[in-house]
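Examination of the molecular architecture
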Amino acid sequence: MQTEEEILKIKKVKNTAVRTVVLRHLLSLEKAQSLKDIENALAYTDRSSIFRTLKTFEENKIIHSIEDGSGMTKYAVCAEGCNCDPKDLHYHFYCTNCDKTFCLFDVPIPKIQLPENFKLQQANMVVKGLCDNCNK
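All of these numbers come straight from a predicted model, not from anything done at the bench. (Residues numbered from 1 in each chain as written. Predicted model: local features only at pLDDT ≥ 70, side-chain atom pairs only at ≥ 80, totals over all residues. Heavy atoms only, no water.)

Take the sheet that holds strand β1 (residues 33-34) next. Strand order in the open sheet formed by three strands is β1-β3-β2, with antiparallel pairing between adjacent strands. The open sheet is flanked by β1 and β2 (63-67), the only strands paired with a single partner. As paired strands, β2 and strand β3 (residues 73-77) are joined by five bridges and run antiparallel to one another. Bridged to glutamate 67 within β3 is threonine 73. (Pairing = 2+ DSSP bridges. Helix = DSSP H or I, 4+ residues; strand = E, 2+ residues; numbered from the N terminus.)

Printed below as a string of structure tokens:
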């Protein structure tokens with residue numbers, strides 16, 4: 001697994017203390033996080049700095065955002081080598097009991113045949129149910 005510094009260097013994003021802390025936090029988890037989740041975990045970092053960092057990461061394809069139907073956008077680190085191209089799109093799993101969202105990197109979204117001159121930019125595929133912890 002790449003370190004925060006390596007990821008920022010590969011994506012050509014300037015390394016700052018806030019960016020390192022936010023990325024370290026996201027890398028440490030197996031689930032997507034909302035802005036509020038990140039704020040609560042990084043209580044000593046102000047909300048606007050976290051939000052700006054997330055937007056910078058998203059623009060530079062370090063993270064991707066997920067609309068899982070919970071009413072809050074969640075963020076997860078992209079898989080190594082991901083450029084957020086249509087071939088990199090994957091399903092997400094939303095647990096209806098604990099409200100956690102997981103990336104299903106091994107379940108790619110099938111290729112969709114679009115009408116002529118249409119261009120796919122984003123797809124949001126969310127599967128809902130119980131995660132392994134809640135299903136026990």
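What follows picks up the thread again.
UniProt annotation of "binding site: Zn(2+)" (unreviewed entry) refers to Cys95, Cys98, Cys131 and Cys134 when read in the numbering used here. These annotated residues cover 40 residues of sequence, and their C-alpha atoms all fall within 8.2 Å of one another, placing them together at a single site. Secondary-structure assignment places cysteine 98 in the loop between β4 (90-95) and β5 (101-108). By relative accessible area, which is 28% here, cysteine 98 ends up partly exposed. With respect to the helices and strands, cysteine 134 occurs in the segment after β6 (126-129). Sequence-distant contacts of cysteine 134, defined by excluding residues within four places in its chain, comprise Cys95, Asn97 and Cys98. (UniProt positions renumbered as here; feature names shortened; annotations may be inferred. Buried < 20%, exposed > 50% of the residue type's maximum accessible area, 1.4 Å probe, protein only. Contact = heavy atoms within 4.5 Å.)

Counting through the fold element by element, lysine 12 comes out in the loop between α1 (4-10) and α2 (17-27). Distance in space between the C-alpha atoms of lysine 12 and lysine 31 is 25 Å, their sequence separation being 19 residues.

On to the nonpolar core, then. Within the largest apolar cluster, 17 residues are counted, with the highest numbers of intra-cluster contacts made by Leu23, Leu54, Ile62 and Ile63. Those elements that place two or more of their residues in this core are α1, α2, α3 (35-41), α4 (47-59) and β3. Broken down by element, the residue count for this core peaks at four residues, all from α2. Beyond its immediate sequence surroundings of up to four residues, leucine 54 is in contact with Val22, Leu26, Leu35, Ile38, Ile63 and Tyr75. (Core = buried A, V, L, I, M, F, W, Y, C linked by side-chain atoms within 4.5 Å.)

This part takes up the sheet that holds β6. On the basis of which strands lie adjacent, the open sheet formed by three strands has the order β5-β4-β6 and mixed pairing. Two strands bound the open sheet, and with one partner strand each, they are β5 and β6. Averaged over all pairs of adjacent strands, the angle between strand axes in this sheet comes to 30°, irrespective of strand direction. Sheet topology places β4 next to β6; four bridges connect them, and they run parallel. Looking at the pairing, histidine 92 lines up with valine 126 of β6. (Axes fitted to C-alpha atoms, helices over the stretch in contact; angles between N-to-C directions.)

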